[in-house]
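Survey of secondary and tertiary structure
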Amino acid sequence: MTDWLKAAQSQEKDYLNDLTALMKIPSVRDDSAATDEYPLGPRPAQALAAFLEMAEQDGFRTKNIDNVVGYAEWGEGDETLAILAHLDVMPAGKGWDTDPFDPVIKDGNLYGRGASDDKGPGMAAYYALKYLKDQGVIFNKRVRFIVGTDEESNWTGMHRYFEVEPAPTLGFSPDAEFPVINGEKGQVSLKIGAPATNGDQYVLESFHSGLRFNMVPREAVALVTVPDRNEVTAAFDQFVDDNPISGTAEETAEGLRLTVIGKAAHGMEPEQGINAGTYLATFLDRYNFAGGAKSFIHFLAKYLHLDTRMAGFDGAFTDPVMGELTMNAGILNFDQDNGADIDMNFRFPKGITPDELETNVKRVTDQLGMTVAQGPSQKPHYVDPEDPIVKTLMQAYIDQTGDTDAKPEVVGGGTYGRLMDRGVAFGALMPQTPNTMHQANEFQPVAALIKSMAIYMEAINNLVTD
Ligand code: ZN
Ligand code: ZN
């Protein structure tokens, strides 16, 4: 039997070279720089072009589709096995100890944006495929390694792929954790609005918290006009001392500026974060704000603070197979022109619908004079654990890790796996590695990435020679 770990280790140097070259490209979607040629801004397209150039040099057939998605292909056959990864990354955010776009290895860990989500795992899967190709393995199916460039926002590239190319029905996405994720919750955002009105004693000039709907906000900044700045500053300092946050109150020409720092986390596990926005609102909720500003503050403080399960809306829900409904308050904004702009992002199991979620939230927003609008949604996705794709991937994971207790899992989703009838997510976060995706100081142990490459080698080998 092939020693896949040894095979993977033989690729380490080349893998790290190619990976760090891609990680140096800050491939964050940038709508302000979007053009017809680069609809997501130039950086995601730059990462795509760099990858396709590597793949072409490695001997793959490649295609760039409209600068938003592309693939490297090997093998022939009626059936296509698709491996779906992404080259875009989340904005760096603050709080890094090193340059997020200048990857470094410290104590065996590779630090940098994309180390874990998804350049590190994606390139591990790519190198597994490349190794099998270079070894002359005869593929009984076509394998397409497809890379999107807008996974963190709207999946623009991958949706384009499924519009213009034949849809694969079988495959996996190396964009989550091990072992196999055969179920992904559905996803929907509710946008909450409130009028841009204030009282005259306490005025919320502006409130900004959160970069993305799928991230717990690390920072919140409010600009307020208050009758007694000293009193509010003293109370704020006390509030910061009493809570697991840091913060500052500064006098400025425009008013008193209050800043809270919490902890970012992925929006599908919001309980791992400390939501700076709902903390700041909780502090402000003790004062006599009025109008839309008061509704905004009170909604955050009373209904979103320290609650990621909709308990405050009487809306908690759990499915026995797919688990709990979760909620992330990812974007929390208010200003004097637009009023409130809140994005509540939900991950829901089968058994509950976006309309039911909206009804639960609307009961509260109606009382507060606020509005609710439902964004586009994704349905829950579930692949039978007895499906051969699940069994083959599970076996490769167990063979390489010795983790014989491992079982397929359901997560808050959504990865590209859901795009295929028999699609799952597979790696590359090992159970013992901390999940730093979307956070400052994102990292992956190099040894874990190499082990994941070995798992992908065995898995792809068994899928293309079965
Ligand atoms: Zn990802
Ligand atoms: Zn991500």
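An account of the accompanying structure is given in this report. Being a predicted model, the structure only gives us computed values, none of them experimental. (Residues numbered from 1 in each chain as written. Chains lettered and ligands numbered in written order. Predicted model: local features only at pLDDT ≥ 70, side-chain atom pairs only at ≥ 80, totals over all residues. Heavy atoms only, no water.)

Digging into the overall build of the protein chain
Each helix and strand in the protein chain was counted, giving eleven helices and 24 strands. Its C-alpha atoms give the protein chain a radius of gyration of 23 Å, near enough to 23 Å, the size a compact globule of 466 residues would have. Seen through its principal axes, the protein chain has C-alpha atoms that stretch 75 × 45 × 45 Å. Put simply, the protein chain has 466 residues, and 58% of those count as buried. Across the protein chain, every contact between residues at least 6 apart in sequence was considered, and the portion connecting residues at least 24 apart equals 77%. (Helix = DSSP H or I, 4+ residues; strand = E, 2+ residues; numbered from the N terminus. Rg over C-alpha atoms; globule rule 2.2 N^0.38 Å. Buried < 20%, exposed > 50% of the residue type's maximum accessible area, 1.4 Å probe, protein only. Contact = heavy atoms within 4.5 Å.)

Some remarks on the packing of helix H7 (residues 276–284) against helix H8 (residues 291–304)
In the contact formed by H7 and H8, the axes pass within 8 Å of each other and the chain directions differ by 110°. By the angle class used here, H7 and H8 are roughly perpendicular. With respect to the hand of their crossing, H7 and H8 are arranged in left-handed fashion. Of the residues in H8, those in contact with Gly277, Thr278, Ala281, Thr282 and Leu284 of H7 are Ile297, Leu300, Ala301 and Leu304. Along the lines of polarity and charge, the residues of the contact of H7 with H8 split into six nonpolar, three polar and no charged. (Axes fitted to C-alpha atoms, helices over the stretch in contact; angles between N-to-C directions. Parallel < 35°, antiparallel > 145°, perpendicular 65-115°, else oblique. Left-handed = near helix turned anticlockwise from the far one by under 90°. Nonpolar A, V, L, I, M, F, W, Y, C, P; charged D, E, K, R; others polar.)

What to know about the side chain of His381
Within the element layout of this structure, His381 appears in strand S20 (residues 381–382). A polar atom in the side chain of His381 sits 2.9 Å from the backbone oxygen of Gly423. With sequence-adjacent residues up to four places away left out, His381 is seen in contact with Asn182, Gly183, Glu184, Met322, Gly417, Arg418, Met420, Asp421 and Gly423. (Polar contact = N/O pair within 3.5 Å; in protein donor to acceptor, adjacent residues only side chain to side chain.)

Comments concerning the sheet that holds strand S19 (residues 371–378)
Taken in spatial order, the eight strands line up as S13-S14-S12-S11-S17-S18-S10-S19 in an open sheet, and their pairing is antiparallel. A single partner strand is all that each edge strand has here, and the edge strands are strand S13 (246–252) and S19. The mean inter-strand angle of the sheet, taken between neighbouring strand axes irrespective of direction, is 20°. By the bridge criterion, six bridges tie strand S10 (residues 186–194) to S19 in an arrangement that is antiparallel. Note that in S19 the partner of Gly193 across the bridge is Thr371. Against the sheet, helix H6 (residues 229–242) makes contact with S13 and strand S14 (255–261), and its axis sits at roughly 165° relative to S13, the strand it touches most. The strands touched by H8 are S10, strand S11 (203–209), strand S17 (326–335) and strand S18 (339–348); relative to S17, the strand with the most contacts, the crossing angle is about 160°. (Pairing = 2+ DSSP bridges.)

What to know about the nonpolar core
Of all hydrophobic cores here, the largest spans 66 residues; its most connected members are Tyr15, Phe51, Phe145, Phe426 and Tyr456. No other element matches helix H11 (residues 446–464), which puts 13 residues into this core. With residues up to four places along the chain from it excluded, the contact list for Phe51 reads Leu22, Ala72, Leu87, Met123, Tyr126, Phe145 and Val147. In this structure, Tyr287, Tyr303, Met310 and Leu332 belong to the second largest nonpolar core, which totals 53 residues. (Core = buried A, V, L, I, M, F, W, Y, C linked by side-chain atoms within 4.5 Å.)

What about the coordination of the zinc ion (ligand 2)?
Surrounding the zinc ion (ligand 2) are the protein donor atoms Asp117 (OD), Glu152 (OE), Glu152 (OE) and His438 (NE2), which sit 2.0 to 2.5 Å from the metal. Here the zinc ion (ligand 2) binds four donor atoms, and the angle range of 56 to 147° at the metal identifies the geometry as irregular. One chain supplies every donor to the zinc ion (ligand 2), and in sequence these donors are spaced D-x34-E-x285-H. Distance-wise, the zinc ion (ligand 1) is placed 3.3 Å from the zinc ion (ligand 2), both being coordinated by Asp117. Here Asp117, found in the loop between strand S5 (109–111) and helix H4 (119–134), pairs with His438, found in the loop between strand S23 (428–429) and strand S24 (443–445); they are 321 residues apart in sequence, far enough to count as distant. Classification of Asp117 as buried rests on a relative accessible area of 3%. (Donors = N, O, S within 2.8 Å, 3.2 Å for Na, K, Ca; no water. Tetrahedral: all angles 85-135°; square planar, octahedral: opposite > 155°, others 65-115°.)

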